[in-house]
Amino acid sequence: MTTNMGPPPPRNPNVSTEPELITQEESEPTTVKTSRDPPQKPPVQEKESTSDSEPNSVEKPSSSELSSVPYAIPQWSEPPSHHFFLEVLEDGCVIDQLKVYEKGAYMFGSVDLCDVVLEHPSISRFHAVLQFRSSGQASIYDLGSKHGTSINKSQVTRRTYMDLHVGDVIQFGHSSRLYIFQGPSELMPLKRNQNLGPAMADKELEVRDELAESLNDLFSSLSTMVKSELQGTNNILELLEKMNLKVAEEYKGFGDVASGLRVFVEQLKNKSGNFDEYVQQIDTIEQQVTEFEAVISVLDRYVSLLECKVQSVYQHPPP
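- The name that an unreviewed UniProt entry assigns to the protein chain is Kanadaptin isoform X1, with the source organism given as Herrania umbratica.

Here it is as structure tokens:
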């Protein structure tokens, strides 16, 4: 998607709308470096040569040229909210990583005034700018360089903001180095350009192979774990089945005993019905015995009185 955007209206009407120019009097921008580069070490000159006839050594600009930078930082320029970086690729190998998230614009060129110094014969003094919007959208702005700038092997329109997405490959001039714009994976478009070159294709295939191997190992581990769980469950079910059979046999014996007890109780009940008549007779006899005991008690008292009278007669005979 190609956009040609100018600076939006100023936020404060009282402030001048003239864009701020990068001049020589400003503090010298720091060249983007990584932990692998020694401090204060100048960029290594690329070995690749180009077909265009330019001087073999980069000519240093004069003071008058340095004072005129062909780019004005727009007012809507802001640092991105995500941690973006450029992955430098040469001959299929990653040789460096450049952080590009600390400010809103990064200038690429062959002079020391640029944020990223590229020492290749096809690189213009002020070649291109990586510009970020307040929304976080990244763009490449070619500063009218002689040999141009390419995104995914398609040369961009000069002096036009060209949208840049995560995974896009940037090439400045005819340099053999490729700069892959990296960032959060969720910002990568769903459809990527398939013509990213054999190096990117090999790297993507390698990543896919590693991912497939990891997934295969994961599924194998899950399969083994599920089989173990199922085998354990099967063993538990077999044990429960054996326990149920054993309990059933035990309860079967208890059932036989209960049936015998029920028959015995019924027999006792039948026999107890025949004893009811005898029980009534015993109750009658018991009542008669009680009455007889009362009569005997009366007779016993009467006999005692007779004995007393007899004794008194023998002790006092009549005259």
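Some details on the overall build of the protein chain
Thought 1: Check the secondary structure of the protein chain and you find 3 helices and 14 strands.
Thought 2: Among the 319 residues that make up the protein chain, the fraction classed as buried is 28%.
Thought 3: The contacts in the protein chain between residues at least 6 apart in sequence include a share of 58% that link residues at least 24 apart.
Thought 4: By element, 56% of the accessible surface of the protein chain is carried by carbon and sulfur atoms, the whole surface being about 22400 Å².

As for the sheet that holds strand β11 (residues 154-155)
Thought 1: The strand order β5-β4-β14-β13-β10-β11 describes an open sheet built from 6 strands, whose pairing is antiparallel. Taken across any chain shown, the strands that pair with only one partner, and hence form the sheet edges, are β5 (93-99) and β11.
Thought 2: Examined bridge by bridge, strand β10 (residues 149-151) and β11 share 2 bridges and lie antiparallel to one another. In the strand pairing of β11, I151 is matched with S154.

A word on the pairing of strand β9 (residues 138-142)
Thought 1: In terms of burial, β9 is largely enclosed, as 5 of its 5 residues are buried.
Thought 2: Because side chains alternate across β9, one face comprises the buried residues A138, I140 and D142, and the other comprises S139 and Y141, equally buried.
Thought 3: Pairing between strand β8 (residues 128-132) and β9: 5 bridges, direction antiparallel. In the strand pairing of β9, L130 is matched with I140.
Thought 4: In sequence, β8 turns back onto β9 through a hairpin of 5 residues, with G136 there showing a positive phi of about 100°.
Thought 5: Note that β9 and strand β12 (residues 161-164) share 4 bridges and pair antiparallel. Its bridge partner being in β12, S139 is matched across the sheet by D163.

Side note on a nonpolar patch on the surface
Thought 1: A cluster of nonpolar side chains, namely L211, L215, L218, F219, L222 and M225, defines an oily patch on the protein surface of about 570 Å² accessible area.
Thought 2: In this structure, L211 sits in helix α2 (residues 198-274).

Side note on the nonpolar core
Thought 1: By size, the foremost hydrophobic cluster in this structure holds 24 residues, and its most contacted members are L130 and F181.
Thought 2: Going through the elements one at a time, β4 (85-90), β6 (105-109), β8, β9, β12, β13 (169-172) and β14 (178-182) are the ones with two or more residues in this core.
Thought 3: In contact with L130, not counting residues within four places along its chain, are V100, G104, A105, Y106, F108, A138, S139, I140, L164 and F181.
Thought 4: Core analysis: the next-biggest nonpolar cluster, separate from the first, contains 13 residues, C114, V129, Y141 and L143 among them.

A closer look at the packing of aromatic side chains
Thought 1: As enumerated under the stated definition, the model contains 8 aromatic pairs in all.
Thought 2: Ring centres of Y141 and Y161 lie 4.6 Å apart, and the angle between their planes is 40°; on these two criteria the pair is classed as tilted. Of the two residues, Y141 sits in strand β9 while Y161 sits in strand β12, which places them 20 residues apart along the sequence. Across the pair, Y161 and Y141 agree in class, each one buried.
Thought 3: Across from the ring centre of Y161, 5.6 Å away, lies the NZ or CZ of R133, which sits over that ring.

Description of a negative patch on the surface
Thought 1: Where like charges cluster on the molecular surface, the negative patch consists of E206, D209, E210, E213 and D217.
Thought 2: Tracing the backbone shows E213 in helix α2.
Thought 3: On the basis of relative accessible area, E213 is assigned to the exposed category, the value being 52%.

What about unusual backbone geometry?
Keep in mind that most residues, glycine aside, have a negative phi and that most peptide bonds are trans.
Thought 1: Its identity as a non-glycine residue notwithstanding, N152 has a phi of 55°, on the positive side.
Thought 2: Relative to the assigned elements, N152 resides in the loop between β10 and β11.
Thought 3: Even without being a glycine, R159 presents a positive backbone phi close to 55°.

A closer look at the pairing of β8
Thought 1: Taken across its 5 residues, β8 has 5 buried, putting it largely inside the fold.
Thought 2: Side chains A128, L130 and F132 project from β8 onto one buried face, and the interleaved V129 and Q131 project onto a second face that is buried too.
Thought 3: By the bridge criterion, 4 bridges tie β6 to β8 in an arrangement that is antiparallel. Bridge pairing links F108 to A128 in β8.

Side note on the pattern of salt bridges
Thought 1: By the definition in use, this model includes 3 salt bridges.
Thought 2: The salt bridge involving K103 is made with D115; its shortest N-O contact spans 2.5 Å. In this pair, K103 is assigned in the loop between β5 and β6 and D115 in the loop between β6 and β7 (116-117), connecting sequence segments 12 residues apart.
Thought 3: Relative accessible area serves as the criterion here: at 7%, D115 is assigned to the buried category.
Thought 4: In this structure, the salt-bridge partner of D163 is R133, at a minimum N-O distance of 4.0 Å.

Cut-offs used in this document
- The numbering scheme is per chain: residues are counted from 1 as the chain's sequence reads.
- Whole-chain, interface and lining totals are the exception, using all residues; otherwise, since this is a predicted model, local features are given only for residues with pLDDT of at least 70 and side-chain atom pairs are given and counted only at 80 or more.
- Working from all heavy atoms in the structure, the side-chain values ignore hydrogens and water.
- Only DSSP runs of H or I reaching four residues or more are called helices, and only runs of E reaching two or more are called strands; each is numbered from the N terminus.
- Note on exposure labels: buried denotes an accessible area under 20% of the residue type's maximum, exposed denotes more than 50%, and partly exposed covers the range between, all computed with a 1.4 Å probe on protein chains only.
- Throughout, a residue-residue contact means that at least one pair of heavy atoms, one from each residue, lies within 4.5 Å.
- The Shrake-Rupley method, run with a 1.4 Å probe sphere, supplies the accessible areas, and residue values consider only the shown protein chains as cover.
- Any two strands with at least two DSSP bridges between them are considered paired.
- Here a patch means residues that are over 30% exposed by relative accessible area and free of salt bridges, tied together within 9 Å if like-charged and within 5 Å if nonpolar (Val, Leu, Ile, Met, Phe, Trp, Tyr).
- Put simply, a salt bridge is a Lys or Arg side-chain nitrogen that is within 4 Å of an Asp or Glu carboxyl oxygen.
- Think of a nonpolar core as a cluster: buried Ala, Val, Leu, Ile, Met, Phe, Trp, Tyr and Cys residues, connected wherever their side-chain atoms sit within 4.5 Å.
- Ring geometry is summarised as follows: Phe, Tyr and Trp rings, the Trp one being its six-membered ring, pair when their centres sit within 6.5 Å, and such pairs are stacked at plane angles under 30 degrees, edge-to-face over 60 and tilted between the two.
- By definition, being over a ring means that NZ of Lys or CZ of Arg is both within 6 Å of the ring centre and within 35 degrees of the ring normal.
- Under this rule, positive means Lys or Arg and negative means Asp or Glu; His and the chain ends count for nothing.
- Charge placement uses NZ in Lys and CZ in Arg. For Asp and Glu, CG and CD serve respectively.

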